[in-house]
Structure formats: C-alpha cells, structure tokens
Amino acid sequence: EAREGGGKEIGGASSPIIIAFLALSRHLISERSMASLTDYEKTRLENIKRNQEKLASLNLNVNELRLNLQKRYIVYPISCYPLPLTLSLWLSSISFLIRKEVKGYKASPSKKPKKENAPVVIRRSLRARGIAPDAVLSKGLDDDLPTPDRHQPSFPSSPTPPPYKRETPFSTKEVYEGKSDEGEFKKTVLDICETTPLGRFRGIGEPRDLVDSSFKVEKLRLKEENIARVVSGRILTLRFFPTDQRTVVVAGDKYGHVGFWDVDYGDEKEGGDGVYIYCPHSAPVSGITVQPFALSKVFTSAYDGFIRMMDIEEETFHMVYCTSEAIFSLAQCPNENKLLYFAEGSGELKIWDNKSGKITTSCHLHESRINSIDFHPSSTNLMLTSSSDGTACIWDLRNIKQSRSRCITTVRHERAIHSAYFSPTGSLLATTSYDNRVGLLWGTDAREIKYVHHNNQTSRWISSFRAIWGWDDSYLFIGNTKRAVDVISTSSRTTTTLESSLMTAIPCRFAAHPHLPGSLAGGTGGGQVYLWTTD
C-alpha cells in the first residue's frame with residue numbers, strides 16, 4: 001500500500017516498517033536460494049560475507065571507498081554474470097566491484113630537443129651558379145684554378161697590398177722563400193754573363209745543337225743527385241737557361257712561385273741545395289722566357305694578368321704589363337728580343353714592345369684560350385698556336401691584322417689541344433690533344449698528318465701532357481701516367497719508355513736543353529724536377 005501511494009511516506013514514519021519488511025524478505029529469499037546453490041557458490045558467498053565483516057570491523061566508509069575506487073576502476077554490476085535468477089534479484093541492490101585497472105596517463109619526461117637537420121641543398125648546375133665548367137668535362141685544361149691565399153707567403157697586416165699584387169716594382173728579397181743564400185744565385189748568374197763570350201750565345205730562334213747519328217735515347221739516365229724539389233706546387237712551366245756554361249733550370253708552379261735550380265751547385269760547395277724560390281705572382285705561372293743575351297733578365301707571366309721582369313742584377317721585380325684577364329702563354333720571337341708575344345683571355349694574342357712600353361698588336365685568333373705559342377726556327381715570320389677550341393694554326397706575322405686574321409694551315413683535334421711546337425729543323429710540327437692523340441705534320445705546307453695514340457688523360461693534380469721535341473726531328477718526349485717518360489719515334493711512330501726506380505711522381509712538363517744535347521728536364525705535380533742526362 002505504501003508503494004501504491006506514490007512513495008511519499010517512504011521517507012516518513014512508515015519507512016522503518018518497510019525497511020524491516022524488505023530485510024525479512026531478503027533473508028527468506030536468501031535461505032530459499034541457498035538450498036539451490038552449489039558448493040562453489042556457497043563458498044563464494046561466505047567469502048564475500050567474511051570480507052564485508054572485516055571491512056565493517058575497520059570502520060571504513062564503504063561509500064567513500066567505493067567513490068575512490070571508481071576513479072581508478074570500472075565498476076560492473078554482478079547481475080551481468082550468469083547467476084541464478086533468485087540470487088541476481090537479491091543482489092540487484094548491491095554492486096560488487098570487479099576491478100579492472102584503467103591505465104592512467106603518466107607525466108612524460110621532458111622531451112629532448114630535436115637535432116636540427118642539415119639544410120636541404122638544392123642541386124644547381126654550374127652554369128646557373130655562374131661558375132666556370134670543369135676543365136675536363138669542358139674539353140679544356142685544369143691549370144687555371146684559383147690560388148688559395150694559404151699558399152701565398154704571409155705578410156704583416158698593412159694597408160699596402162702584398163708584393164705580388166702590386167703594380168709597382170718590388171725587391172726580390174720581399175718574395176724570396178728559398179733556403180739557400182740568395183746572393184749566391186746573383187753571383188752565379190753574373191759570373192756566367194761575364195765569363196761567356198757574347199758570340200757563344202745563340203738567339204732564341206736559332207736552331208738547337210743537333211745530335212750526331214751516334215746519339216741514342218736509351219743512353220739517357222736519371223741519377224739521384226739530379227733530382228730536386230724546385231717549387232712547392234704543380235709545375236706548369238719549365239725552362240733551361242740558354243747557356244752551355246752551367247746548367248740552370250727554371251720552373252713555375254700553380255701557386256705563383258718561380259724556382260731556379262743550379263744543378264752544378266753541389267759540385268763546388270757544401271751546404272745549401274742550390275734552389276732559389278720566389279713568389280712574384282698570385283696565380284699559376286703560365287710562361288717563362290730568359291733573355292739569351294742578358295741572362296739576368298727573366299720574364300714571367302701568370303693567370304693573375306701580370307707580366308713581370310725579374311732583374312737579377314738589380315734584385316728587383318718590374319711590372320711589364322697588367323690586365324684583368326688571365327695570361328695563358330708567353331713567348332719571344334726569334335731575333336726579336338724586344339718583343340713579347342702572349343695570349344690573353346679567350347683566344348686573343350697581343351704583342352708587347354719592351355722598348356716603347358706598349359701594345360703594338362692585338363688580334364683575336366681563336367675561339368678559346370691559347371695554350372702555347374711557338375715560332376719557326378728559320379722562317380721567323382711563321383707563328384704556331386694551339387687552343388682549347390681544338391685547333392692549332394700556323395700564322396704569318398706579316399699578315400696578322402687587328403681584325404680577324406686568316407691562318408695558313410689549321411690542324412683539328414676532337415678535344416682541346418694542349419700544345420703545338422715546330423721541330424728543331426722546322427720541317428715537322430707536333431700537337432698534343434686531350435683526345436689521346438699526338439699529331440705529326442710535315443711537308444712544306446704541313447698538311448700531311450699522322451696520329452700516334454697516347455694516353456693524355458691526367459687528373460686535376462697533374463698538369464696536362466705536352467709533347468716536346470728533343471735535339472733533332474727524330475724523337476718526341478711526353479709524360480707517362482706510370483711514372484715514366486715516353487719517347488715517340490717520328491719515323492716509325494712507335495713509343496718506347498724511359499723508366500727509373502728513382503721516379504716517385506709522374507713527369508708532366510718537359511724541357512730540352514737548347515745547347516747541351518742529352519739533358520732533359522721533367523717537372524711533376526709535386527714541384528720536383530728530374531734531370532735526365534747521358535753522363
């Protein structure tokens with residue numbers, strides 16, 4: 001009746017009666033249901049009852065405990081389990097905690113800062129970056145790399161530029177880097193000039209002393225005392241002093257150094273090495289010429305755009321010419337010691353008059369840089385040039401004009417031509433190209449050509465090979481990548497090799513002594529010079 005009344009009196013005076021009635025009904029239901037339970041279910045209920053009594057003895061607030069546990073566990077009503085219907089009705093008002101721990105979120109430790117990834121580099125072509133192409137890939141030469149400042153001598157900080165960048169004269173002592181006494185070199189050169197009669201000197205264009213028929217290339221030998229490190233870098237230019245009184249070798253390297261090696265120095269004195277090193281340039285040295293009638297005057301050119309004259313007697317470097325373009329080669333015309341011929345920029349030839357101190361002729365001869373300039377030993381009006389555009393041309397100096405000039409003969413190769421030289425008699429000429437061929441031309445107009453295969457592929461650490469003539473028209477000398485010297489016979493077009501256990505580097509540039517047949521010098525990429533002789 002209380003239930004049907006809407007339950008308003010449940011919370012009033014009649015509530016204790018109702019509670020007692022419900023408790024009695026539950027007890028009767030429990031006794032009735034206990035009879036139908038299995039032993040396992042009875043044991044389970046006894047354990048539950050015992051646990052509840054223990055909790056009651058501890059005076060714990062069950063509701064508060066249940067609230068705390070709900071924060072960590074999910075509560076499932078016992079009615080969801082398969083129990084008998086009578087038991088489930090009796091236990092419907094009680095919820096048992098089926099503990100199932102819920103994973104909480106632990107405070108994560110402070111994250112380590114991520115390492116900054118390397119910036120993404122976008123690959124761009126050399127052309128897009130405004131950089132000149134690789135010399136090997138562009139069929140050119142690799143001799144014109146810029147010179148790092150670390151290879152230049154250190155000078156105290158001053159608003160005045162270092163000597164090798166000045167346009168004014170400077171003392172040789174300012175740029176001297178050798179270990180031997182510089183004064184000894186000056187004394188040696190002046191002694192040669194004084195003791196040698198003027199008539200014994202030959203002009204630049206006069207033929208070399210030709211060897212007799214008994215001379216054999218196989219007689220050339222390399223001795224340990226004929227090896228010296230003349231400069232610190234890769235040799236690009238190599239020359240002999242044009243005198244038979246003393247053997248002096250001049251070398252120029254890629255760092256702007258010019259080194260002099262007095263080969264006979266050790267025969268007279270003890271101490272020192274006979275090597276005298278100067279640094280008059282800030283870029284690779286492209287040409288060296290020595291005045292035959294004035295050995296104390298040495299002209300040098302370099303990629304820094306300077307042509308300088310070293311006066312050994314005055315101990316001074318004078319600036320002859322200066323330009324913003326690179327100078328790639330330097331030569332003097334036979335019987336015209338006052339004129340300097342040099343290649344500037346991309347295919348331009350200029351003639352400098354030392355007497356007037358100005359440019360007398362400037363003309364564009366090739367589409368790319370001119371790598372070598374040579375003159376016919378007897379017909380002094382004929383000039384031979386080689387270029388990276390793959391051509392070598394013979395020019396008549398009488399017909400060279402300011403505008404586009406026409407050559408007499410053109411020799412073509414598939415790749416850049418490193419050098420082209422007339423033979424000692426002038427009846428032949430030889431070209432060396434990056435296409436692994438050495439060209440031999442003969443005849444009155446040099447139109448008959450034969451090719452000799454030779455491996456001319458060099459790395460960036462070695463100067464390009466250039467075949468030079470010996471003391472007659474029989475042989476050519478050129479470097480070998482197996483640390484040897486190849487000798488090419490012009491008659492049979494075969495190659496023999498000069499080898500020595502003393503050679504520890506690849507010889508790339510050569511020079512034959514103009515007055516001492518059988519003296520051959522070879523320069524390496526490390527600044528060493530090997531001197532082959534027949535003694």
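Residues numbered from 1 in each chain as written. Predicted model: local features only at pLDDT ≥ 70, side-chain atom pairs only at ≥ 80, totals over all residues. Heavy atoms only, no water.

Enquirer: Before we go on, may I ask you to explain the packing of aromatic side chains in this structure?
Expert: Remark: the centre distance and the inter-plane angle together describe each pair of aromatic rings, the angle taken between the planes. The tally for this structure, following the rule as stated, stands at 12 aromatic pairs. Ring geometry for Tyr321 versus Phe342: centroids 5.0 Å apart, planes at 45°, classification tilted. Note that Tyr321 is positioned in strand E10 (residues 316-322) and Phe342 in strand E12 (residues 336-344), a separation of 21 residues in sequence. For the pair Tyr321 and Phe342, a shared accessibility class is recorded, and that class is buried. Of the aromatic side chains, those joined through ring pairs into one cluster are Phe170, Tyr176, Phe185, Phe241, Phe260, Tyr276, Tyr278 and Phe317. One residue, Arg437, lies across the ring of Tyr451, its end atom 4.0 Å from the ring centre. (Phe/Tyr/Trp six-rings, centres within 6.5 Å; stacked < 30°, edge-to-face > 60°. Helix = DSSP H or I, 4+ residues; strand = E, 2+ residues; numbered from the N terminus. Buried < 20%, exposed > 50% of the residue type's maximum accessible area, 1.4 Å probe, protein only. Lys NZ or Arg CZ within 6 Å of the ring centre and 35° of its normal.)

Enquirer: What is the right way to look at the pattern of salt bridges in this model?
Expert: As a working rule, side chains carrying opposite charge can pair if their charged atoms are close by. The final tally for this structure, using the stated rule, is eight salt bridges. The shortest N-O distance in the salt bridge between Glu315 and Lys186 comes to 3.5 Å. Here the residue Glu315 occupies a position in the loop between strand E9 (306-311) and E10, and Lys186 occupies one in helix H5 (residues 182-195), the gap between them amounting to 129 residues. Residue classification places Glu315 among the partly exposed residues on the basis of a relative accessible area of 23%. By relative accessible area, which is 25% here, Lys186 ends up partly exposed. With its nearest N and O atoms 2.8 Å apart, the salt bridge here joins Arg246 to Asp262. (Salt bridge = Lys/Arg side-chain N within 4 Å of Asp/Glu carboxyl O.)

Enquirer: Help me understand the sheet that holds strand E13 (residues 348-353) in this model?
Expert: The strands making up a sheet are joined through hydrogen bonds of the backbone, oriented either antiparallel or parallel. The four strands lie next to each other as E11-E12-E13-E14, forming an open sheet whose pairing is antiparallel. Looking at the sheet topology across the chains shown, the edges are occupied by strand E11 (327-333) and strand E14 (358-364). For this sheet, the mean inter-axis angle between neighbouring strands, taken without regard to orientation, is 20°. Pairing between E12 and E13: six bridges, direction antiparallel. Bridge pairing in E13 links Ala343 to Leu349. (Pairing = 2+ DSSP bridges. Axes fitted to C-alpha atoms, helices over the stretch in contact; angles between N-to-C directions.)

Enquirer: What am I meant to see in the sheet that holds strand E4 (residues 248-253) here?
Expert: Spatially, four strands are ordered E3-E4-E5-E6 in an open sheet, and the strand pairing comes out antiparallel. If you trace the sheet from one side to the other, it starts and ends with strand E3 (235-240) and strand E6 (275-278), each paired once. Strand-to-strand, the axes of this sheet are offset by a mean angle of 15°, without reference to chain direction. Across five bridges, E3 lies against E4 in antiparallel orientation. Paired with Leu238 across the bridge in E4 is Ala251.

That's the geometry; what it means functionally is another story.
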